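Below, each chain spelled out in residue letters.
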Amino acid sequence: MKPDDAFLSAAPHLAVAGLSRRYGAFTALDDVSLAIRKGEFVCLLGPSGCGKTTLLRLVAGLDTPDAGRVLAHGADITRLPPARRDYGIVFQSYALFPNLSVADNIAYGLTPRRERARHRERVRELLELVGLPGAEDKYPAALSGGQQQRVALARALATSPGLLLLDEPLSALDARVRDKLRDELKRLQKKLGVTTLMVTHDQAEALAIADRVVVMNAGRIEQVGTPSEIYRQPASRFVAEFVGEANWLAARRVADDVVEVGSHRLVLGQALPAGDAFSLFVRPEDVLVRERWQAAPNTLLARVADVAFAGALTRLKLAPEGMPGVTLTAELCPSMLSRQTVVPGQIVPVALPAERLIAYPEGARC
Amino acid sequence: MLNMPARRTDGAGPARPASGPDLEALLGRILPLVWVAALLLAIAFPLMAMLGRAFLAADGGFVGLAHFAEVAGSPGLVRAALNSFAVSAAATLVVVPLAFGFAFALTRTATWGRGVFRQVALLPLLAPSLMPAISLVYLFGNQGLLKDWVGGSVYGFWGVLAGEVFYTFPHAFLILATALAASDARLAEAARVLGAGPVRRFFSVTLPAARYGLVSAALVVFTLVVTDFGVPKVVGGDFNVLAVEAFKQVIGQQNFERGAVVGLMLLVPALLTFGVERRLARRQAAALSARAVPFAPSRRRGVDLAAFAGLTLVSFAIVSLLAVGVAASLLAYWPYDLSFTLAHYDFSGVDGGGWSAYVNSLTLATASALVGAPLVFLGAYWTEKLKAAAGVAPVLRAFALLPMAVPGLVLGLGYVFFFNHPANPLRGLYGGMALMAVCTVAHFYTTAHLTAATALKQLDAEFEAVAASLKVPFWVTLYRVTLPVCTPALIDVARFFFVSAMTTVSALIFLYSPDSSVAAVALVTMDDAGDTAAAAAMATLIVATSAAVSLALSALEGAVSRRKARWKSR
Ligand SMILES: Nc1ncnc2c1ncn2[C@@H]1O[C@H](COP(=O)(O)OP(=O)(O)O)[C@@H](O)[C@H]1O
Ligand SMILES: [Mg+2]
C-alpha cells in the first residue's frame, strides 16, 4: 500500500457484498457479505460443500457471481479477470507444475523473464522464508507433501501480492506435519503482514490460526467473530455444534432467564430467546466440580459414571440427580484433581455457571 | 487484487494496464469459435449437402421422398442392402466372441507372451482393409494355394466375411480389453469366497461387468462392416453391398441423388451406434468405482496352456493374412513361380499412380499428423482448460464428437456434394491434396480429440487458475507446462492420424484426382485392373510405412516418457 491510498484506507482491504452463486437450481452461495481489514488473517470455516471454495473463487475472479459485488478498497472488482487483481493463491492440490523445477515454479509469475539473476535471488529468499533452503533444482514429485505445500506458498508469495488466498492448504497432510505447518503459516503471515483468507473445514485449525473466523453453513454465513467469540458465544446452534465439544440439555421455559431441566431450575446469564422449549448448551470445561456442597443457584449433585484420563485433561461422565437419562461431560484440569480425588460411583457437587449457559430454541436445529 | 484499482482511483500510474481490451478473454472467446467454424465447414456442411441431394431434384426442386422410393423400387439396391445387413450381422457374431475370448485370455490369465499377442491383435490397424482381401484372393481365389479347402469361390459372402473379421478384430479387441481390464477384481474374489465355480463366476461376474463393452463392440463392428468399402470391392464379386453401390452410383454412373440416398442409409446405423455407444461409455465410467482393484491373474498351468493355444491360433490367422500379401508381392508369380523378385514394386506398367501415389500418401499422412495433432490438441485445450471459453466449450465439444458418427464413405460423399458444387467458392480445392488432408483430419477427429481431452483431464484442474493469479497468460502456460506434460498424448494423436491417413480409402476414393491419387486408392485401381501382385506390393508398402512410423513414434514417446521420469526422480 502506498501512502497516497490513505483516503481510501477507511474502506476495508477486501469486501464482498450480497454475493450469491447458483448452479442450476442449487444455491451454493446465498447473499454473503463480509469485510476484511488489511493484514488480517481470516478463516472460512464450515462443513464440506457449504460454499467456502465457491466464495474463495469469486474473490479470486475464477468465477463470476450471479448477484453481489466484490470490492477492493471500495472499488468494484467483481468482473475483473484474475490477472487484473492482486493476490496469490494456494490450492489443496498445490497445483505445482510437474515439469518445472522448484525454482522455475516459484519464479513462474516473476517478470520480466529475462532478469534471471534477480529472480534467482528472489527464489532463494522465498525458499529461506518457507523453510526449504537449497531446494531450487528439485522437481515437485521428489518432494514430500509438506515440502510441496511450502513451494506452493512460496510461489503464491513471490510477486508480493496484497492478498493471500488459501484453499484447504493443509488438508492433504498428515496430522503432525499439519500442526507444524499451521504454526509456521501463522508466523509467516504475521511477519509479512499479508492479508490472508483461508478456507478450512477443520475447526481446531481455524481457531488456532485465524484472527477472525467466518463460520459458514449451506451457502450462508452463520457467524463472524474472533476464535474466542466463536467458541464462547456461538451465535447459532449450528456454530455451537460445529465448533468444539458441548453438552446439550433439553430445557423448558420457567421465567425470563430461568429454565427447568429435569427437576432442576437453572438460571441463565441472559434473557431467553422466544419459545418454550430449548436446547441448553454448556462446554465440558464449564461444568465445574466443587469440593464441597454449598447450596447455591445452578448447583446440583451428580454421580460419577466414568473417569477417563485424556492427557492434559481428565474427562468425567456425570449422571446428575433429578435429570434421568442425562449424561454431562466435564473436563477437569490436573490442578483441580490434585486437590480432590474423583472415582467412579462417587457423588460430587456440580456447578453450571449462569453466564456459561446458552439456550437455543428447540427445533431450530441446523 | 487490491492495489490495482485503488491506484487507479488515485490517478497514480498503474504498473500494469488496468483497462483496455482484455486480450486473453477475447482470444478465449474467439478461438473456440474458429474451431467450431472449421468443423462446420469440414463436417456439418458436407453432411447437409448430402441431405439436400437426397431430397432435391437435380435442378434444385424439392422432391420429397421420390429418390427413396426409386431406390426402394430398384431390386439391385434392395439386394445390396440385405447383403450389407447379412454380412455385417455375421461379422459381428464372429468377431465379438472371438475378440472377447482373445481379450479374456490376455487380461484374465497369466499366459505367456501377452505383450506380443496384444501387438499382433492390433496389427490389422496398420493395413488398409483391402489387404486381407487381397491375401484371401491369393489363398483361396481362382489360383489360390488353398483353393481346394473351400468348397466354392472366395468371391462373395464368405470372402467378404473373412476379410471383415480381420479388419474389425482390433477395434472389438480394444474395446473388450478395456472393459475386461477395468472390471473389479474384488467381485470375482467375493464370488470365489462364496463358493461359485469358474463357470458360474464367469456368467455372474465377468460377463455382466463386460456387458457395456460387449454391446459397444458389437455396434462398432456392425457399423464398420456396413460402411466398409475395401473388402467387398476386392472379394465381393457378384455379392453387392451398399458401400460399393454408393461408390458405383456416384463415381461410375454420376447418379448423385441415388448416391445420397444410399449414403443416408449408411449414416443411420452409424448414428444409432454413436448414440448408444456414448450412453454406454458414460454408464461404464459411472459403474467403475475409483477404488476398483485391477485383476491380477495367477499362474494356472492348464488354463494358461489353453489360453496360449487359443491366442496362438488367432494370431497365426492374423499374421498369415498379412504375410501372404507381403509374400505375394515378393514372388514372381504366385503360386507357380516362387522365385524372389522386386519387379512388382516397379509400378510403371500399371494404373493407379504407382510410386507417386505412394509419395502422395506419405505427404498426406505427414500433413494430417503435423496439422491434425496440434489442431486437435488445441481444440481439446479450449474445451477442457480455457475458462474464457466456458460458454462456447459445449458447442465445440459436441462438434468434436460428430465425426465419430459419420462413416468415411458418407463423409466422402458429402465432400463431393459440398465442395464439388458449382456454387461453392472453395470448389478449387476439390481434387487436391489439401482437401484430402482436411477430410482425413475431420474423419478421424473424434478419436484424436478424446485422446487429447483425456490427457488434459488428468492434469491438475488448477494450473490455469494458478497461472491467472500470477498474471501469466494462458498461452504461456500452454507452452511451458501443458504441452510438455501432454507430449506423449500429442505423439499418440500424431501417430493415429498418420496411420489412419496411410490406410483409409473410404472418403478419399471420392476426392482424388489423377494427380493426387494415394496409395490406398491405388490399391483399388490396381485390383480392378487385375494387377493383383502390384496391389499386394502397394499394400505391403503401406503396412511397412505404418509400422515403421508407429515404431519410430513409439520410440520417441518412450524417450519423452523417460525425460518425464527424470522430473520424478530428482
Ligand atoms: N461447478 C459446479 N457445478 C455444480 N455444483 C457445484 C459446482 N461447484 C460447486 N458446486 C456445489 O456447490 C456447493 C459448494 O461447493 P464448494 O464451495 O466447493 O464447497 P466447500 O465448502 O466444500 O469448498 C457444493 O454442494 C458443490 O457440489
Ligand atoms: Mg472446498
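Worth saying up front: this structure is predicted, and the values here are computed from it rather than measured.

## A few points about the overall build of chain A
Here is step 1: Along the backbone of chain A there are nine helices and 20 strands.
Here is step 2: Taken along the three principal axes of its C-alpha coordinates, chain A extends 80 × 45 × 40 Å.
Here is step 3: For chain A, the computed accessible surface area is about 16000 Å², with 51% contributed by carbon and sulfur atoms.

## What about the overall build of chain B?
Here is step 1: Per the secondary structure count, chain B includes 23 helices and two strands.
Here is step 2: Since a compact globule built from 570 residues should have a radius of gyration of about 25 Å, the 26 Å found for chain B is in line with a globular shape.
Here is step 3: Its C-alpha atoms put chain B at 95 × 70 × 50 Å along the principal axes.
Here is step 4: Here chain B, with 570 residues, has 54% of them falling under the buried criterion.
Here is step 5: Once local pairs closer than 6 in sequence are excluded, the contacts in chain B between residues at least 24 apart make up 80%.
Here is step 6: Per element, the accessible surface of chain B, about 24400 Å² overall, is 67% carbon and sulfur.

## Comments concerning the pairing of strand 19 (residues 347-351) of chain A
Within a regular beta strand, the side chains point alternately toward one face of the sheet and then the other, so they alternate between its two faces.
All names here are of chain A.
Here is step 1: The buried fraction of strand 19 is high, at four of five residues.
Here is step 2: In this sheet, strand 19 lies alongside strand 15 (residues 288-289) in antiparallel orientation, the contact comprising two bridges. Paired with Val289 across the bridge in strand 19 is Val350.
Here is step 3: Taken together, the five bridges between strand 16 (residues 299-310) and strand 19 define a ladder with antiparallel strand orientation. Paired with Thr299 across the bridge in strand 19 is Ala351.

## As for the sheet that holds strand 1 (residues 14-23) of chain A
Residue and element names in this part refer to chain A.
Here is step 1: Spatially, four strands are ordered 2-1-4-5 in an open sheet, and the strand pairing comes out antiparallel. Of all strands in the sheet, those with a lone pairing partner are strand 2 (26-36) and strand 5 (75-76), marking the two edges.
Here is step 2: For strand 4 (residues 67-72) and strand 5, the ladder comprises two bridges, and the chain directions are antiparallel. For Ala72, the partnering residue across the bridge sits in strand 5 and is Ala75.
Here is step 3: Along the sheet, helix 1 (residues 52-60) makes contact with strand 1, strand 2 and strand 4, crossing strand 1 at roughly 120°.

## A closer look at helix 19 (residues 445-457) of chain B
Residue and element names in this part refer to chain B.
Here is step 1: Across its 13 residues, helix 19 extends 18 Å between first and last C-alpha, which sits within 8% of the 18 Å expected from 1.5 Å per residue.
Here is step 2: For helix 19, the set of buried residues is Tyr445, Thr446, Ala448, His449, Ala452, Ala453, Ala455 and Leu456.
Here is step 3: In this structure, the buried side of helix 19 is in contact with helix 2 (23-55), helix 15 (354-385), helix 16 (393-401), helix 18 (433-443) and helix 21 (474-503).

## Some remarks on the pairing of strand 14 (residues 277-282) of chain A
Residues and elements named next belong to chain A.
Here is step 1: Among the six residues of strand 14, five are classified as buried, and the element is accordingly described as predominantly covered.
Here is step 2: Bridging between strand 11 (residues 247-255) and strand 14 involves six bridges; their strand directions are antiparallel. Looking across to strand 14, one finds that Leu249 is bridged to Leu280.
Here is step 3: Where strand 14 and strand 20 (residues 358-361) come together, four bridges link them in antiparallel fashion. The partner of Ser279 across the bridge, within strand 20, is Tyr360.

## Description of the packing of helix 15 of chain B against helix 22 (residues 519-528) of chain B
Angle between the axes and distance between the axes are the two parameters that describe a pair of packed helices.
Residues and elements named next belong to chain B.
Here is step 1: Where helix 15 contacts helix 22, the two axes come as close as 8 Å, and the packing angle between them is 150°. The orientation of helix 15 relative to helix 22 falls into the category roughly antiparallel. Packed against helix 15, whose contacting residues are Ala357, Tyr358 and Ser361, the element helix 22 presents Ala519, Ala520 and Ala522 at the interface.
Here is step 2: Partitioned by chemical class, the residues of the contact of helix 15 with helix 22 number five nonpolar, one polar and no charged.

## Some details on a nonpolar patch on the surface
All names here are of chain B.
Here is step 1: Taken together, the side chains of Leu23, Leu26, Ile30, Val34 and Trp475 present a nonpolar region at the surface, about 450 Å² in accessible area.
Here is step 2: In terms of residues, the nonpolar patch owes the most to one element, helix 2, which gives four residues.
Here is step 3: As for its position among the elements, Leu26 is in helix 2.
Here is step 4: Overall, Leu26 belongs to the partly exposed group, its relative accessible area being 46%.

## Considering the pattern of salt bridges
All names here are of chain A.
Here is step 1: Inspection of the entire model under this criterion finds 34 salt bridges over all chains.
Here is step 2: Glu121 serves as the salt-bridge partner of Arg124, at 2.9 Å between the closest nitrogen and oxygen. Here the residue Arg124 and the residue Glu121 both occupy positions in helix 3 (residues 116-129), the gap between them amounting to three residues, near one helical turn.
Here is step 3: Arg124 sits in the partly exposed class, given a relative accessible area of 37%.
Here is step 4: For Asp286, the salt bridge is made with Arg232, and the minimal N-O distance between the two is 3.2 Å. Separated by 54 residues along the polypeptide, Asp286 in the loop between strand 14 and strand 15 and Arg232 in helix 7 (residues 227-232) bring together distant segments of the chain.
Here is step 5: When its relative accessible area of 30% is taken as the criterion, Arg232 is described as partly exposed.

## Looking at the domain arrangement of chain A
Residues and elements named next belong to chain A.
Here is step 1: In terms of domains, chain A is made up of domain 1 (5-241) and domain 2 (245-361).
Here is step 2: Computed from C-alpha atoms alone, the centre-to-centre distance between domain 1 and domain 2 is 40 Å.
Here is step 3: Contacts between the two partners involve 10 residues from domain 1 and, on the opposite side, nine residues from domain 2.
Here is step 4: Taken together, both faces of the contact between domain 1 and domain 2 bury some 820 Å²; the carbon and sulfur share is 46%.
Here is step 5: Between the two partners, domain 1 and domain 2, sit five residue pairs in polar contact (both at pLDDT 80 or more).
Here is step 6: For the side of domain 1 that touches domain 2, the secondary-structure elements that each account for two or more residues are helix 7 and helix 8 (237-242).
Here is step 7: Here the side of domain 1 that touches domain 2 is built from residues that sort into five nonpolar, two polar and three charged.

## Concerning the sheet that holds strand 16 of chain A
All names here are of chain A.
Here is step 1: A sheet is described by the order of its strands in space; here five strands give the open sequence 15-19-16-17-18, paired in antiparallel fashion. Pairing within the sheet leaves two strands with one partner each, and these edge strands are strand 15 and strand 18 (328-332).
Here is step 2: Sheet topology note: the strand 16/strand 17 (residues 313-320) ladder contains eight bridges and is antiparallel. When the bridges of strand 17 are listed, Ala308 appears paired with Arg315.

## Remarks on the domain arrangement of chain B
Residue and element names in this part refer to chain B.
Here is step 1: According to the domain assignment, chain B contains domain 1 (24-49 + 344-570) and domain 2 (65-341).
Here is step 2: Computed from C-alpha atoms alone, the centre-to-centre distance between domain 1 and domain 2 is 24 Å.
Here is step 3: Opposite the 35 residues of domain 1 that make contact, domain 2 presents 36 residues.
Here is step 4: Together, the buried faces of domain 1 and domain 2 total about 3000 Å²; carbon and sulfur atoms form 78% of this surface.
Here is step 5: Contact with domain 2 buries area across many residues of domain 1, yet His344, Ala405 and Leu409 alone supply 17% of it, more than any other trio.
Here is step 6: Our count for the domain 1 to domain 2 interface comes out at one salt bridge.
Here is step 7: Between Lys233 and Asp528 there is a salt bridge; the shortest N-O distance is 2.7 Å.
Here is step 8: Joining domain 1 to domain 2, the criterion identifies seven residue pairs in polar contact (both at pLDDT 80 or more).

## Side note on the site of ligand 1
Residues and elements named next belong to chain A.
Here is step 1: By nearness alone, every residue bordering ligand 1 is listed as Tyr23, Phe26, Ala28, Pro47, Ser48, Gly49, Cys50, Gly51, Lys52, Thr53 and Thr54.
Here is step 2: Between ligand 1 and Gly49, the relevant distance is 2.6 Å, taken from an oxygen atom to a main-chain nitrogen or oxygen of the residue.
Here is step 3: A distance of 3.1 Å separates an oxygen atom of ligand 1 from a polar atom in the backbone of Gly51.
Here is step 4: For ligand 1, the protein covers 59% of the area, taking 560 Å² as the surface of the free molecule.
Here is step 5: Those elements that place two or more of their residues in the shell around ligand 1 are strand 2 and helix 1.
Here is step 6: If you tally residues by element for the shell around ligand 1, the top one is helix 1, at three residues.
Here is step 7: For the shell around ligand 1, the per-class residue count stands at five nonpolar, five polar and one charged.

## Re the environment of Ala519 of chain B
Residues and elements named next belong to chain B.
Here is step 1: Note that Ala519 resides in helix 22.
Here is step 2: Residue class for Ala519 comes out buried when judged on its relative accessible area of 0%.
Here is step 3: Along the backbone, Ala519 and Val472 are 47 residues apart, and their C-alpha atoms lie at a distance of 47 Å.
Here is step 4: Excluding its chain neighbours within four sequence positions, the residues that come into contact with Ala519 are Ala357, Tyr358, Ser361, Met538 and Ile542.

The rules behind these values
Residues numbered from 1 in each chain as written. Chains lettered and ligands numbered in written order. Predicted model: local features only at pLDDT ≥ 70, side-chain atom pairs only at ≥ 80, totals over all residues. Heavy atoms only, no water. Helix = DSSP H or I, 4+ residues; strand = E, 2+ residues; numbered from the N terminus. Areas by Shrake-Rupley, 256 points an atom, 1.4 Å probe, with all protein chains shown as cover. Rg over C-alpha atoms; globule rule 2.2 N^0.38 Å. Buried < 20%, exposed > 50% of the residue type's maximum accessible area, 1.4 Å probe, protein only. Contact = heavy atoms within 4.5 Å. Pairing = 2+ DSSP bridges. Axes fitted to C-alpha atoms, helices over the stretch in contact; angles between N-to-C directions. Expected span 1.5 Å × (residues − 1). Parallel < 35°, antiparallel > 145°, perpendicular 65-115°, else oblique. Nonpolar A, V, L, I, M, F, W, Y, C, P; charged D, E, K, R; others polar. Patch = residues over 30% accessible without salt bridge, like charges linked within 9 Å, V, L, I, M, F, W, Y side chains within 5 Å. Salt bridge = Lys/Arg side-chain N within 4 Å of Asp/Glu carboxyl O. Domains from an automatic or database assignment. Buried area = accessible area lost by both parts, 1.4 Å probe. Polar contact = N/O pair within 3.5 Å; in protein donor to acceptor, adjacent residues only side chain to side chain. Near = heavy atom within 4 Å.

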